[in-house]
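Topology and contacts: notes
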Amino acid sequence: MFSGSSLIKLRKKLHQEEMISTLESSGDFKVLRRLNPKIYFGLEPKNARRAILLDVETTGLNSEHDEIIELAMVPFYYSEKDEVVCVGEAFTGLRQPSSTIPAEVTKITGITDDMVAGQVIDPNAVAEFAGRNLIIAHNAAFDRPFIERFCPMMQQNPWACSMSEIGWNDEGYESSKLAFLALSSGFFYDRHRAESDCRAAIELLSRKLPISGQGALSQLLASARRTSFRCWAEDAPFETKDVLKERGYRWNGEANGLPRAWWKDIGEAELEGEKSFLRSEVYKSDKAIRTAKITAQNRYSRRITPCD
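On a predicted model such as this, the values are computed, not experimentally measured, just so you know. The residue count restarts for each chain, going from 1 along the sequence in the order it is written. Since the coordinates come from a predicted model, pLDDT governs what is reported: local features require at least 70, and pairs of side-chain atoms require 80 or more to be given and counted, while whole-chain, interface and lining totals use all residues. Side-chain numbers come from the whole structure's heavy atoms, not from hydrogens or water.

**Topic: the overall build of the protein chain**
What the protein chain contains, in helices and strands, is ten helices and twelve strands. When its C-alpha atoms are laid out on the principal axes, the protein chain stretches across 85 × 50 × 40 Å. Only protein chains enter the area calculation, which uses a 1.4 Å probe; residues under 20% of their type maximum are buried, those over 50% are exposed, and those in between are partly exposed. Here the protein chain holds 308 residues, and the buried ones make up 45% of them. Throughout, a residue-residue contact means that at least one pair of heavy atoms, one from each residue, lies within 4.5 Å. Taking all contacts inside the protein chain whose residues are at least 6 apart in sequence as the whole, residues at least 24 apart take part in 66%. In the form shown here, the protein chain has an accessible surface area of approximately 17,200 Å², with 50% of it arising from carbon and sulfur atoms. The charged-residue count follows a simple rule in which Lys and Arg add positive charge and Asp and Glu add negative charge, with His and chain termini not counted at all. Throughout, a charge is located at the NZ atom of Lys, the CZ atom of Arg, the CG atom of Asp or the CD atom of Glu. Treating the 41 positive side-chain charges of the protein chain as one cloud and the 44 negative ones as another, the clouds have centres 3 Å apart. Numbering of helices and strands starts at the N terminus; helices are DSSP runs of H or I of at least 4 residues and strands are runs of E of at least 2. All accessible areas in this document rest on Shrake-Rupley with a 1.4 Å probe, and a residue is counted as covered only by the protein chains that are shown.

**Here we look at the layout of surface pockets**
Counted as a void, the largest pocket has a volume near 1,200 Å³. Lining the largest pocket are 39 residues, with Ala141, Arg230, Arg250, Trp263 and Tyr300 sitting closest to its centre. If you list the elements that add at least two residues to the lining of the largest pocket, you get helix 5 (140–150), strand 9 (228–233), strand 10 (250–251) and strand 11 (262–267). Cavities and pockets are found on a 1 Å grid laid over the protein atoms alone: a cavity is a set of points where a 1.4 Å probe fits but cannot escape, a pocket is an open set with protein on both sides within 12 Å along at least five of seven lines, and a lining residue has an atom within 4 Å of such a point. Grid points are joined across faces, edges and corners, and a volume is the space filled by probe spheres set on the points. Roughly 720 Å³ of volume is contained in the second largest pocket. Around the second largest pocket, the lining is made up of 27 residues, and of these Asp55, Glu57, Phe142, His192 and Asp197 lie nearest the centre. Within the residue set of the lining of the second largest pocket, elements represented by two or more residues are strand 2 (49–58), helix 2 (103–109), helix 5, helix 6 (178–184) and helix 7 (194–205). When grouped by side-chain class, the residues that make up the lining of the second largest pocket number 13 nonpolar, seven polar and seven charged. Throughout, the ten residues Ala, Val, Leu, Ile, Met, Phe, Trp, Tyr, Cys and Pro are labelled nonpolar, Asp, Glu, Lys and Arg are labelled charged, and all others, Gly among them, are labelled polar.

**Describing the sheet that holds strand 10**
Being paired, for any two strands, means DSSP has found at least two bridges between them. The strand order across the open sheet formed by four strands is 10-11-9-12, and the pairing between neighbours is antiparallel. What marks the edges here is a single partner per strand, and that holds for strand 10 and strand 12 (291–294). Taken together, the two bridges between strand 10 and strand 11 define a ladder with antiparallel strand orientation. Note that in strand 11 the partner of Arg250 across the bridge is Trp263. Its contacts with the sheet put helix 10 (residues 271–283) on strand 9, strand 11 and strand 12, and the angle it makes with strand 9 is roughly 10 degrees. Only the contacting stretch of a helix is used when fitting its axis, a line to C-alpha atoms as for every element, and angles between N-to-C directions run 0 to 180 degrees.

**Overview of helix 7**
By this rule the span expected of a helix is its residue count minus one, scaled by 1.5 Å. Its twelve residues give helix 7 an end-to-end C-alpha distance of 17 Å, which sits within 8% of 16 Å, the value for a rise of 1.5 Å per residue. Counted residue by residue, helix 7 has nine buried out of twelve residues, so it is predominantly covered. Inspection of helix 7 places Ala194, Asp197, Cys198, Arg199, Ala200, Ala201, Ile202, Leu204 and Leu205 among the buried residues, and these make up the whole buried set.

**Concerning the side chain of Asp143**
Residue position: Asp143 is located in helix 5. Buried and unpaired, Asp143 has Arg144 as its nearest opposite-charge partner, separated by 11 Å. From its side chain, Asp143 meets the backbone nitrogen of Val56 in a polar contact 3.1 Å long. Ignoring sequence-local partners within four residues, the contact set of Asp143 consists of Leu54, Asp55, Val56, Ala137, His138 and Trp159. Should a side-chain nitrogen of Lys or Arg be within 4 Å of a carboxyl oxygen of Asp or Glu, the pair is scored as a salt bridge. Throughout this description, a polar contact denotes any pair of N or O atoms lying within 3.5 Å of each other; where both atoms belong to protein, one of them has to be capable of donating a hydrogen while the other can accept it, and for residues adjacent in sequence the pair is counted only when both atoms sit in side chains.

**Looking at the pattern of salt bridges**
Going through the model one piece at a time under the given rule, you end up with 18 salt bridges. The partner of Asp82 in a salt bridge is Arg225, and the shortest N-O contact between them spans 2.8 Å. With Asp82 in the loop between strand 3 (68–78) and strand 4 (84–87) and Arg225 in the loop between helix 8 (216–224) and strand 9, this pair connects stretches of sequence that are 143 residues apart. The class of Asp82 is buried, set by a relative accessible area of 10%.

**Looking at the packing of aromatic side chains**
Here the aromatic set is Phe, Tyr and Trp, taking the six-membered ring for Trp, and pairing holds for ring centres within 6.5 Å; pairs whose planes are under 30 degrees apart are stacked, those over 60 apart are edge-to-face, and all others are tilted. As enumerated under the stated definition, the model contains five aromatic pairs in all. A centroid spacing of 6.3 Å and a plane angle of 50 degrees characterise the contact between Phe76 and Tyr78, whose relative ring orientation is tilted. Accessibility classification places Phe76 together with Tyr78 in one group, the buried group. When the centroid spacing of 5.4 Å and the interplanar angle of 45 degrees are considered together, the rings of Phe91 and Phe129 count as tilted. Separated by 38 residues along the polypeptide, Phe91 in strand 5 (residues 91–94) and Phe129 in helix 4 (residues 123–130) bring together distant segments of the chain. Phe91 sits in the buried class, given a relative accessible area of 17%.

**Quick word on the pairing of strand 11**
The two faces of a sheet get side chains in turn, since along a regular strand they alternate between them. Note that strand 9 and strand 11 share six bridges and pair antiparallel. Within strand 11, the position partnered with Trp232 by the bridge is Trp263.

**Details of the nonpolar core**
Side-chain atoms within 4.5 Å are what join buried Ala, Val, Leu, Ile, Met, Phe, Trp, Tyr and Cys residues into a set we call a nonpolar core. Leu53, Phe76, Ile136, Tyr189, Leu205 and Leu217 are the most contacted members of the largest nonpolar core, which has 33 residues in total. Those elements that place two or more of their residues in this core are strand 2, strand 3, strand 6 (134–137), helix 6, helix 7 and helix 8. With seven residues, helix 7 is the largest single contributor of residues to this core. Ignoring any residue separated from it by four or fewer positions in sequence, one finds Tyr189 in contact with Leu35, Leu178, Ala179, Ala182, Ser196, Asp197 and Ala200.

Given below as structure tokens:
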């Protein structure tokens, strides 16, 4: 039996759904719904594997100098078919940085100096919560260096990126930014707060991709499990830069301990062919090409070490 207040809420909900159906059936409207993430409480599902969706808010973009001011890790469980089966309780925390939070960061995140005053995040607690589980971030190339500097124990974890390891463009999306993907998928959420961003990303991972019909998480995990190699085109003649760009190479001009050179990540099966291309089209010689093996253990980290 429903109580009086429950019955009123049910009628209101049914009325809202009726209005939404009327609007969308006209073909002139698309209704966005607030994300209402499902949270699981209880024992770990049988035969399910645990992964962590992680997000940080920081004082800036430079992982060598800027600091974490908010961290969220939301665990979820996925089946043997690589499908999300449930979402757990989050680990969240605010952290006071060593200097004032820039005004532009507060404008974006809503996080103020008063909110973080006296707040700390224990790196040991972070590592314990994460365990050795797969860490997923929506822009892991940004999040991973920050986390590994703050909590070096997290270097043991494999990582994947829900922004770059899913073919969003191939699936008809014009951008891989989290907020755009959410809006295009029919929901909105409180942006630029770490836990909300995590839950929005998990919602996307739990859905089927619109063109291929493949599960988003399934595609992400397939990519994360692959081995790839990074090729560096060191000392490439200046006049070959357009050839390299067209081939998909990117320039590393940072002082990050890696070669100051053009680079490209490729699959294991394409490695020898790529070396042949560089020797014949770029160097015109039998030059040694330095490469590095990349797996989920070092992908998106600063620990991709070149070797001959």
